[in-house]
Every structure is written in C-alpha cells, then in structure tokens.
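Residue-level structure breakdown
One letter stands for each residue in the lines below.
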Amino acid sequence: MRAICVDDEELILNMTVKMCQELGLFSEVHGFSDANEAIAFVQENQIDIAILDIDMPEKNGIEMARIIKNCHPYASIMFLTGYSEYALEAYSLHATGYLLKPISKEKLENELKYAIERRNRHTEKPVDDEKDNIQPDTTKRILVKTFGEFDIFVDGEIVNFKRAKSKELLAYLVDREGGTISRATAFAVLWEDDEYDRKGQKRIDVIIRSLRETLRDYKVSDILSVEKGQLRIVPEKLDCDLYRFLAGDIEVINHYRGEYMNQYSWGTITEGLITSRLS
C-alpha cells in the first residue's frame, strides 16, 4: 500500500512522512513539498492514501484532491491543515479524514487505520456510482433523504405527494427531529407572508389532511402524530441521513456535500448547524 504526503512546510512534511513510516501501515511513503511534483507522481503511479495540506501555493489541497480522485477513484484523501474553515469543502470531496495541525502520532494512526479499513471495504467489489451511496438501515421501511433535495422512500419506492405543501410540511417535521409544532407554526412555515386567520386555518387543515392521506396510501401513517392540534414526526421509524449525521455516522458525514433541503428556504438554518459541526 502506497501513501503520499504533500505539504509546502518542509518541517511538517518530514514529520508526517516519518510518522507514516514508523506506523508500518504502508510499503511506500512519498513526501512532496511541491504540489506539481506530487501530481506528476500520482499521474504515473498508483496510490492508496493521500495526506494533503490545504493551504499551499500554486495548487491547494482541495484542487489536488480533485485531480487525485480523477486518477484514482478509490484513493482515500486526508487533509492535514491549520485551517478549520475548509472542513465543509473537504467533506464534500468525500475526504476520509480532516486533521488540524499540530497532529499527534496516535491521532494520525487512528485516522489512517480507519481510512485503510474503509478503502478495503469499498474495493472488495467493483463500485457502481449509482449504488455507492449511504447504505440504508434495512430494519426500517422508510428512508428519508434531506441532503440535497428532500425526498422520502417507502420500501424503495419514492413517495409522490398530491400537494407540494404537504411534502414541505413533512420535510419541516423531519427537520424538527420529532419536536412538536402547532397548526399556526406549520402555516407560518408554509406561507410565511400570509396571515393565520380562519381562512388560513382551513388552508393548513387541507394540507395536513392531504399529507395524512398520502402516508395512509403508502401504509406509513404511523410516522405522523397529530394530537390536540400538535404535529410531530416519529423519528424512530425513519432511516434519515440528517439523524445519522447528527449521531456521528462517519459514512453519512463523508457523503454530505454541503447542501440540505435545497428546495426550502427555511432549511438554511439546519444547514448552518451542519456546517458548524464540521468546523
């Protein structure tokens, strides 16, 4: 197994290369202080893991990671940097690790062992890009996707909603992670500039009724609780990427591309929370 380390700071580079060699995890470890030299090496040689500084002249680590992934799709990328603000973009490239300088040998070893284990798991069989996604929890029938566009699947079938607002209401309830909301709050989310009067009450009742009918059609009505004018989702019944992210699921974290419920403006609040967790 071959690793490369790239850092324009010679001292940091030498220390990283030495630690990698001492760990005994690789047959070869190559160090580069020049990004272009590292790219030339990668284009001519197979590599398994790349440990990249981010803030470098000419080409930064993010740019290098894209080039490496084009040459070696199975290569694991780890970023070693002093700047936490790059975390979100790093994870959007499916980086295996993001380590802040200075890094201890123990921390580096843990991250490298995880990267090797994950790489071996992914290369045991050919990768189908359409299937190389987060593996669903097969104990649950309902898969909820919040990263990117919001969608919900039941037994592998996408749920089609009769009304767009009923889908948005469900999305907001998922975002609330099981917290209850009133009909008035639901109305304010769906029609933020309108007044919640008697006419508004009827409008939200129509949406709630439509949502319940849709869930009943797919035989999953038990995921929605409506009691005494309060609505909530039952998170325990869902396999949701957001919930797994918040629980620290590394596979989900590595699949996050910096986008959350793109079709809904209110989603930016949770998107900010996700970003802060990556910082």
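What you see is a predicted model; the values in this text were computed from it and never measured. (Residues numbered from 1 in each chain as written. Predicted model: local features only at pLDDT ≥ 70, side-chain atom pairs only at ≥ 80, totals over all residues. Heavy atoms only, no water.)

On to helix α3 (residues 61-71), then. Where α3 is concerned, the buried positions are Gly61, Ile62, Met64, Ala65 and Ile68. The buried residues of α3 occupy an angular sector of 155° when the element is viewed end-on, so they sit on one face. Of the residues flanking the start of α3, the one acting as N-cap is Asn60, its side-chain oxygen 2.9 Å from the backbone nitrogen of Glu63. (Buried < 20%, exposed > 50% of the residue type's maximum accessible area, 1.4 Å probe, protein only. Helix = DSSP H or I, 4+ residues; strand = E, 2+ residues; numbered from the N terminus. Arc of directions from axis to C-beta. Polar contact = N/O pair within 3.5 Å; in protein donor to acceptor, adjacent residues only side chain to side chain.)

Turning next to the pairing of strand β3 (residues 49-52). Taking every second residue as pointing to the same face, both faces of β3 are buried, with Ile49 and Ile51 on one and Ala50 and Leu52 on the other. Summarising the sheet, strand β1 (residues 2-6) and β3 pair through four bridges and their orientation is parallel. Following the sheet pairing, Ala3 is matched in β3 by Ile49. Bridging between β3 and strand β4 (residues 76-81) involves four bridges; their strand directions are parallel. By the bridge assignment for β4, Ala50 is matched with Ile77. Regarding topology, α3 serves as the crossover connection from β3 to the parallel β4, and that connection is right-handed. (Pairing = 2+ DSSP bridges. Right-handed = clockwise from strand over helix to strand, strands pointing away.)

Our focus in this paragraph is the pattern of salt bridges. One pass over the full model with this rule turns up 13 salt bridges. Among the ionic pairs, Glu28 bridges to Arg2, the shortest N-O distance being 3.0 Å. Residue Glu28 is located in strand β2 (residues 28-32), and its partner Arg2 is located in strand β1; the two are separated by 26 residues in the primary sequence. Note that Asp249 and Arg244 form a salt bridge whose closest N and O atoms lie 3.2 Å from each other. (Salt bridge = Lys/Arg side-chain N within 4 Å of Asp/Glu carboxyl O.)

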